[in-house]
Amino acid sequence: MPQLPQSVLKCFYRSLLTVVAHMDITGSIIASCDSDIKQFGADLYTYCWPRDAAWICLALDRARYHHLTFETFEFFSKTITPRGNFLHKYTPAGDFGSTWHPVPMIQIDETGLPLYALYNNWEIAKSVWTTGRYYRKLVIPTANYLIKAIDTKTGLPISSFDLWEERKGIHTYSACTVYAGLNGAYELSRSLGDYDNANIWKEAADLIRKSILEKLYDNRLKRFRRSLDDPTLDSSIFAVWYFGILPPDDPRVVRTMEAIECDLKRPSGGIARYLHDTYFGYMNSWILCTLWLSQWHSAVGNLDRALELLKWCAAHAHPTGLLSEQIDDIGNPVSVLPLAWSHSTYVLAVLEYLQALEKKRRSFL
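A word on helix 2 (residues 50-62). Note on helix geometry: an α-helix contains 3.6 residues per turn, so any two residues three or four positions apart are oriented the same way. Taking 1.5 Å as the rise per residue, helix 2 with 13 residues should run 18 Å; its terminal C-alpha atoms sit 18 Å apart, in good agreement. Burial analysis of helix 2 places 12 of its 13 residues in the buried class, which makes it a mostly covered element. Within helix 2 the residues assigned to the buried category are P50, R51, D52, A53, A54, W55, I56, C57, L58, A59, L60 and D61. Against the buried residues of helix 2 lie helix 1 (6-21), helix 3 (66-79), helix 4 (109-125), helix 6 (172-191), helix 8 (239-242) and helix 12 (340-363).

As a further point, take helix 11 (residues 303-315). When the terminal C-alpha atoms of helix 11 are compared, their 18 Å separation across 13 residues agrees well with the 18 Å that a helix rising 1.5 Å per residue should span. Those residues of helix 11 that fall on the buried side of the exposure criterion are L303, R305, A306, L307, L309, L310, W312, C313 and A314.

This next bit is on the packing of helix 4 against helix 5 (residues 128-148). It is the contact of helix 4 with helix 5, at a shortest axis distance of 10 Å, that shows an interaxial angle of 150 degrees. Classified by the interaxial angle, the pair formed by helix 4 and helix 5 is roughly antiparallel. Crossing of helix 4 against helix 5: the hand is left-handed. In this structure, helix 4 contributes T111, G112, L115, L118, N121 and W122 to the contact, and helix 5 contributes V128, T130, T131, Y134, L138, V139, T142, A143, Y145 and L146. Tallied by class, residues from the contact of helix 4 with helix 5 come to 10 nonpolar, six polar and no charged.

Let us now look at the pattern of salt bridges. Pairs can form between side chains of opposite charge whenever their charged atoms are close. Evaluation of the coordinates by the stated rule reveals 22 salt bridges. In this structure, K126 and E123 form a salt bridge, with 3.8 Å as the shortest nitrogen-oxygen distance. Judged by its relative accessible area of 45%, K126 falls in the partly exposed class. Given the relative accessible area of 41%, E123 is considered partly exposed. Put simply, D206 and K202 hold a salt bridge, and the shortest N to O gap is 3.4 Å. Taken as a pair, D206 and K202 lie in helix 7 (residues 195-215) at a separation of four residues, close to a single helical turn.

With that settled, the discussion passes to the packing of helix 5 against helix 7. Where helix 5 meets helix 7, the closest approach of the two axes is 10 Å, and the angle between their N-to-C directions is 40 degrees. Taken together, helix 5 and helix 7 sit at an angle that is classed as oblique. Of the two possible hands of crossing, helix 5 and helix 7 adopt the one that is left-handed. Residues Y135, V139, I140, A143, N144 and I147 of helix 5 form the contact with helix 7, whose own contacting residues are N197, I200, W201 and A204. A breakdown of the residues in the contact of helix 5 with helix 7 according to their chemical character gives eight nonpolar, two polar and no charged.

The subject of this paragraph is the sheet that holds strand 8 (residues 333-334). Pairing in this open sheet of four strands is antiparallel, and the strands run 5-6-7-8 from one edge to the other. Of all the strands in the sheet, the pair left with one neighbour each is strand 5 (271-272) and strand 8. Here two bridges tie strand 7 (residues 326-327) to strand 8, and the two strands are oriented antiparallel to one another. Within strand 8, the position partnered with I327 by the bridge is P333.

In this structure, W55, L182, F243 and Y346 are the most contacted members of the largest nonpolar core, which totals 124 residues. Ranked by residues supplied to this core, first place goes to helix 12 with 11 residues. Setting aside anything within four residues of it in sequence, one finds Y346 in contact with V8, C11, F12, S15, L291, L310, C313, A314 and L323.

Glancing now at unusual backbone geometry. In the segment running from L337 into P338, the intervening peptide bond is cis, with an omega of 0 degrees. Structurally, P338 is set in the loop between strand 8 and helix 12. Even without being a glycine, E165 presents a positive backbone phi close to 60 degrees. Following the sequence through the fold, E165 ends up in the loop between strand 1 (160-161) and strand 2 (168-169). We classify E165 as buried; its relative accessible area is 10%. Residue H276 is not a glycine yet carries a positive backbone phi of 65 degrees. Note on placement: H276 falls in the loop between strand 5 and strand 6 (285-286). Owing to a relative accessible area of 54%, H276 belongs among the exposed residues under this scheme.

When we look at a pair of aromatic rings, we describe it by the centre distance and by the angle of the planes. Scanning the entire structure with this criterion turns up 27 aromatic pairs. Positioned above the aromatic ring of Y47 is the side chain of K89, whose terminal nitrogen or guanidinium carbon lies 4.2 Å from the ring centre. A cation sits over an aromatic face here: R226 above Y274, 4.7 Å from the ring centre.

The rules behind each value
Residues numbered from 1 in each chain as written. Predicted model: local features only at pLDDT ≥ 70, side-chain atom pairs only at ≥ 80, totals over all residues. Heavy atoms only, no water. Helix = DSSP H or I, 4+ residues; strand = E, 2+ residues; numbered from the N terminus. Expected span 1.5 Å × (residues − 1). Buried < 20%, exposed > 50% of the residue type's maximum accessible area, 1.4 Å probe, protein only. Contact = heavy atoms within 4.5 Å. Axes fitted to C-alpha atoms, helices over the stretch in contact; angles between N-to-C directions. Parallel < 35°, antiparallel > 145°, perpendicular 65-115°, else oblique. Left-handed = near helix turned anticlockwise from the far one by under 90°. Nonpolar A, V, L, I, M, F, W, Y, C, P; charged D, E, K, R; others polar. Salt bridge = Lys/Arg side-chain N within 4 Å of Asp/Glu carboxyl O. Pairing = 2+ DSSP bridges. Core = buried A, V, L, I, M, F, W, Y, C linked by side-chain atoms within 4.5 Å. Phe/Tyr/Trp six-rings, centres within 6.5 Å; stacked < 30°, edge-to-face > 60°. Lys NZ or Arg CZ within 6 Å of the ring centre and 35° of its normal.

Listed below in structure tokens is the structure:
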């Protein structure tokens, strides 16, 4: 940690503090404590989105705060539906939160990611107690739900809302999270000796991976598409390498990430969500998307660029040290402040940068 620039180090520790400050004693993690920002119908962000909570679990586990993620897995086990999926969002008490979408509002990644987060916990903590406790409560029902949600014609997850909650379709990001969840379930089942389920989940995961490569990579554009029916360049397609569909240095991934860096880079230096985004302004930079690019540069060994993007995010924090959802072209924070997901991604990006730095130094020994 002392090798990091002071601004990055300070933002890292502030991010850890901010994430934990958004956790409830029940294990829920609200998206933001911002009392000024209003969503649809004058609603606030004080809900637990399973997606955001799962990403935060990934960060906390990699920072070795396993006792905190355990509480969130307990929250997941109490809010999962009888069908084995998760709904749009929840109150801290675990009740179904308000939504502006038709009920039930399903986002398939919000079921894939909690499953992947539990697998990530196993990979790092190797706690048989935690994995065994939630195997029947979480792993079996979510994995079986995800299998039923695979379209037999496409080999991809059925149509659902994207992570931005704006459009319905068969999205690359969502498909990658379902693959990650099923592959994680396969690894967990093998670890616990449940080989019957392991074979079923492995077969489903392999089918999705094969379909992603065949149907969501655009040979004409030489990059991955946002969805089956939409070729738009979207920063969320970083998921192809992050969740293990392809290695980060695969030419298809390299061309995709280079397109994101070239076409979505904004005057302030950050990265936009996607082309012609108009949410809270025209193509604002998103802290999340900028950090996803930093993580890729770390993964392929471009450490100077990875650190540059980490420093950019730290430099564009609010004077309180909090990270917003977006940054406008002038450099001002926009939309919700703080966003717990922004902070958890900062934690992940810093830890992955340090891991890549250590790997590079060992290669010279």
